[in-house]
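Geometric and topological summary
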Amino acid sequence: MPQTTLTSGSTYWPFKKYFGVYNRSIKDPEAFWAEEARKLEWFKTWDKVLDWQPPYAKWFVGGTLNASYLCVDRHVKTWRRSKVAIYWEGEPGDTRVLSYSTLYREVNKFASVLLNLGMKKGDRIALYLPMIPELPIAMLACARIGATHTVIFSGFSAQALADRVNDTGARLLITADAGFRRGKPVALKRIADEALEITPSVEKMLVVRRANIPVVMTPGRDVWLHELMDQASLFVNPDPMDSLHPLYILYTSGTTGKPKGIVHGTGGYLTFNHSVYKWVFDIKEESVYWCTADVGWVTGHSSIVYAPLMHGAAIVLYEGAPDYPSIDRWWDIIEKYGVTIFYTSPTAIRMLMRYGEQEIEKHDLSSLELLGSVGEPINPEAWAWYYKHIGKEKCPVVDTWWQTETGGIMISPAPAIECPPLKPGSATFPLPGILADVVDEKGESMPPEERGILVIKAPWPGIFLGVYGDPKRYVESYWSKFPGIYYTGDYAIKDKDGYYWILGRADEVLKIAGHRIGTVEIEDAAVSHPAVAEAGVASIPDPIKGEAIVIFVILKEGFSPSPAIKAEIKDLIRKSIGPIASPEQVYFVSKLPKTRSGKIMRRILKAVATSASIGDLTTLEDESSIEEVKKVYEELKKEV
Ligand code: WT7
């Protein structure tokens, strides 16, 4: 496999301190994490570092702290009060720069607004906002008073929004009149109005004025943020939260039709993220850190809000599309704010690669020191392009593997602790404290160079607390395959040098442009069409998005395939989930390949859609008759 030696421009190369730190962390994890946790400021120190009753891990038991205090109050007591916290750039080109003292004041006032609306510790508050400063401000305000925030990606449809809001039982929804995307206002308030018709728990809607478009305010329910901010107090006490207090709930797709509400706590989550952003990005107060993810995903929670702000760095927050109004928008932003750390997805890299280098050469990107990639496997070509054309062969590229559930980065190069040399396409080694392995179906370690399932064999502080309202699912989805061992759902190999290569999902979850989407969620949306009897979803490789969705549909008796039904199915999926789940292809078929117990064999669908062979069927668990599957496969090939 290819190996890159970084040129001498790098200050990190080629030391190997990493192994010392890693070995120490594994030998005595509790002592190691206690030392890391002491780098935060606690109101009360913990009584016990870890209480591990598999599969439940409680970190820093008895300790109290406050996330908002760590992200703002701590800085306003120092010179950082007058340094930049947020460089915000709206898509139309409007900008706002917030110092830490401004951020502190806004967070306090926002927290006061929440209290004045009757919100209290333990309440759930849903956020459906564009990428504007009010989004991190609202999150920190919730954290300040101990309300659990649930950020819902602003690209989700009214139905998807309502489903998530209902699952949390949120009392308040915070939204904006609209946000800008590709030059047009996306009317979020209108979508929220539609969602709120079916969300009985929501009492109030707090609306941020962003785009100045006309909206209908429902008297008694809807309130403008700016009106309430005018009457808000300038200080709200950052309430001490128990280390295990739920900081947030974030929904992600699993193997059933219902998304899972991943609950993260406070003490473990913050400690973990504080440490990993130091090791991986060498983040410091003078860093200008730009993570291009939407705050609606976990990347945005940890990499835009909590970790960089705890470190007192400046973050860049950009509202809009990467190629609007022109394809060099991102390079323009890097140059304009002097971004030092840039963190994005392989999909974005592949998309921008297509436009060629001349767009990059228009800009001075020399402020960059480190580049990151996240969300899906990065192919070595995209890695090499990123390294050469964006990093100019002087910035390490960190390919960071993690999940919504893990809370923070787990496997990644860690330049700040002098990690081994990079290999393009490999996430390299587990970070300190992370006991990863690649195992077979029985949980035995795989030999090098052989594909197996990626697992984590010991608890780490960022681990989620559970699936909201569904303790059974927590155990079943993550801990029942290998008792006491965390099942990631990913395939991986370890090469002969011990480097990890993440190969994609081993379960019924797709990664479309880095977004996690469940096959069953899409199938459920399709079968809600009156003409559809059954549907099966698979993915095909896509040169930009990594994977693209294809759907196989069996129509009910009396309906025949037509372009109109195709369009309606696509539309229905967009309405029930959002545009990110829109299928590339809809195939009308007469049969779906199934196991004996009736589970759709999506692997066979994938083989049909990609004209691949179906491979070795004997390894399938619970397979239907091999002959039967082969027959269906041959028939389907003729039909599509
Ligand atoms: C899944 C988690 C964690 C931030 C965004 C995604 C895939 C994530 C990588 C990587 C290969 C990756 C995995 C994982 N994934 N990072 N560096 N290389 N695959 O969070 O939506 O919870 O998705 O994303 O399949 O399980 P998420």
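If you're wondering where the values come from, they're calculated on a predicted model, not measured in any experiment.

Now for the overall build of the chain. Scanning the chain for helices and strands turns up 19 helices and 30 strands. Relative to a compact globule of 640 residues, whose C-alpha radius of gyration would be 26 Å, the chain shows 24 Å and is just as compact. Taking the principal axes of its C-alpha atoms as reference, the chain extends roughly 70 × 65 × 55 Å. By residue count, 62% of the 640 residues in the chain fall in the buried class.

Inspection of the secondary structure puts Pro-380 in helix 14 (residues 380–390). For Pro-380, a relative accessible area of 32% corresponds to the partly exposed category. Measuring from C-alpha to C-alpha, the distance between Pro-380 and Pro-424 comes to 5.0 Å, with 44 residues separating the pair along the chain.

Domain boundaries in the chain define domain 1 (17–321 + 400–494) and domain 2 (513–639). Between the C-alpha centres of domain 1 and domain 2 there is a distance of 33 Å. Taken together, the contact pairs 19 residues of domain 1 with 14 residues of domain 2. Across the domain 1 to domain 2 interface the summed buried area is about 1100 Å²; carbon plus sulfur atoms make up 47%. Of all residues in domain 1, the largest losses of buried area upon contact with domain 2 belong to Ser-253, Gly-257 and Trp-297, amounting jointly to 38% of the total for that side. In this assembly, domain 1 and domain 2 are joined by 1 salt bridge. Glu-405 is paired through a salt bridge with Arg-516; the nearest N and O atoms lie 2.7 Å apart. Joining domain 1 to domain 2, the criterion identifies 8 residue pairs in polar contact (both at pLDDT 80 or more). Broken down by element, the residue count for the side of domain 1 that touches domain 2 peaks at 3 residues, all from helix 6 (residues 158–168). Looking at side-chain class alone, the side of domain 1 that touches domain 2 contains 5 nonpolar, 11 polar and 3 charged residues.

To continue, consider the pairing of strand 28 (residues 532–542). The element strand 28 is extensively covered by neighbouring structure, given that 8 of its 11 residues are classed as buried. Strand direction decides the pairing type here: strand 28 and strand 29 (residues 546–555), joined by 10 bridges, are antiparallel. The residue of strand 29 that forms the bridge with Ala-535 is Val-553. Linkage of strand 28 to strand 29, two consecutive antiparallel strands, is achieved through a turn of 3 residues.

Right, let's talk about the site of the ligand for a bit. The local shell around the ligand holds 17 residues, among which Asp-399, Thr-404, Asp-490, Arg-505 and Arg-516 are the closest. Here a nitrogen atom of the ligand and a side-chain polar atom of Asp-399 are 2.7 Å apart. A distance of 2.8 Å is found between a nitrogen atom of the ligand and a backbone nitrogen or oxygen belonging to Thr-400. Broken down by secondary-structure element, the contributors of at least two residues to the shell around the ligand are helix 10 (298–310), strand 20 (397–400) and strand 25 (500–505). A breakdown of the residues in the shell around the ligand according to their chemical character gives 6 nonpolar, 5 polar and 6 charged.

Our next topic: the packing of aromatic side chains. On inspection of all chains with the given rule, the structure shows 43 aromatic pairs. Plain terms: the ring middles of Tyr-269 and Tyr-306 are 6.0 Å apart, the flat faces sit at 85° to each other, and that makes the pair edge-to-face. You can see Tyr-269 sitting in helix 9 (residues 267–281) and its partner Tyr-306 sitting in helix 10, a full 37 residues away along the chain. Judged on exposure class, the residue Tyr-269 and its partner Tyr-306 are both buried. Centre to centre, the rings of Trp-331 and Phe-342 are 6.2 Å apart; their planes meet at 65°, and the pair counts as edge-to-face. Note that Trp-331 is positioned in helix 11 (residues 329–337) and Phe-342 in strand 18 (residues 341–344), a separation of 11 residues in sequence. Judged by its relative accessible area of 3%, Trp-331 is buried. According to the relative accessible area criterion, Phe-342 is buried, its value standing at 0%. In textbook terms, an aromatic cluster arises when at least three aromatic residues are bridged by ring pairs, as seen for Trp-52, Tyr-56, Trp-460, Phe-464, Tyr-474, Tyr-478, Trp-479 and Tyr-486.

As a further point, take the pairing of strand 1 (residues 48–53). Two elements, strand 1 and strand 2 (residues 56–61), share 5 bridges in a ladder whose sense is antiparallel. Bridge assignment links Trp-52 to a residue of strand 2, and that residue is Ala-57. Turn length for the strand 1-strand 2 hairpin, with the two strands adjacent in sequence and antiparallel, is 2 residues.

Two orientations exist for strands paired in a sheet by backbone hydrogen bonds: parallel and antiparallel. Pairing in this open sheet of 7 strands is mixed, and the strands run 5-4-17-16-18-19-20 from one edge to the other. Every interior strand has two partners, whereas the edge strands, strand 5 (95–99) and strand 20, have only one. Each strand of the sheet is rotated relative to its neighbour by a mean of 20°, with strand direction disregarded. Across 4 bridges, the pairing between strand 19 (residues 370–374) and strand 20 is parallel. Bridging from a neighbouring strand, Leu-371 pairs with Val-397 of strand 20. Packing of helix 9 onto the sheet brings it into contact with strand 16 (288–291), strand 18, strand 19 and strand 20, and relative to strand 20 it is tilted by some 140°.

What follows concerns the sheet that holds strand 24 (residues 486–494). Judged by pairing direction, the sheet is antiparallel, and its 4 strands sit side by side in the order 21-22-24-25 without closing on themselves. Looking at the sheet topology across the chains shown, the edges are occupied by strand 21 (436–439) and strand 25. The mean inter-strand angle of the sheet, taken between neighbouring strand axes irrespective of direction, is 45°. In the sheet, strand 22 (residues 452–456) pairs with strand 24 via 4 bridges, with the strands oriented antiparallel.

Reading the values: rules and limits
- Numbers given for residues are sequential positions, taken from 1 along each chain in its written order.
- Given that the model is predicted, a residue must reach a pLDDT of at least 70 before its local features are reported, and side-chain atom pairs must reach 80 or more before they are shown or counted; all residues, however, enter totals for whole chains, interfaces and linings.
- By convention in this description, side-chain values take in all heavy atoms of the structure and omit both hydrogens and water.
- Counting from the N terminus, the helices are DSSP H or I runs at least four residues long and the strands are E runs at least two residues long.
- Throughout, the radius of gyration refers to the C-alpha atoms, and the reference size of a globule is 2.2 Å times the residue count to the power 0.38.
- Think of it in three bands: with a 1.4 Å probe and only protein chains considered, a residue is buried below 20% of the maximum accessible area for its type, exposed above 50%, and partly exposed in between.
- Start and end positions for the domains come from either an automated domain assignment or a database one.
- Whether two residues are in contact is decided by their heavy atoms: any pair within 4.5 Å suffices.
- When two parts are brought into contact, each loses some accessible area as probed by a 1.4 Å sphere; the total of that loss over both is the buried area.
- For salt bridges, the criterion is a side-chain nitrogen of Lys or Arg within 4 Å of an Asp or Glu carboxyl oxygen.
- Under this definition, polar contacts are N or O atom pairs within 3.5 Å; protein pairs additionally need one hydrogen-donor-capable and one acceptor-capable atom, and for neighbouring residues in sequence, both atoms have to be side-chain atoms.
- Just so you know the grouping, Ala, Val, Leu, Ile, Met, Phe, Trp, Tyr, Cys and Pro go in nonpolar, Asp, Glu, Lys and Arg go in charged, and all remaining residues, Gly too, go in polar.
- Here, a strand pair is defined by DSSP locating no fewer than two bridges between the strands.
- Throughout this document, a residue counts as near a molecule or strand when at least one of its heavy atoms sits within 4 Å of that molecule or strand.
- Geometry of aromatic contacts follows a simple scheme: Phe, Tyr and Trp rings, the Trp one being its six-membered ring, pair when their centres are within 6.5 Å, and the pair is stacked under 30 degrees between planes, edge-to-face over 60, tilted otherwise.
- In this analysis, axes come from line fits to C-alpha atoms, helices being fitted only over the stretch in contact, and the angle between any two N-to-C directions falls in the range 0 to 180 degrees.

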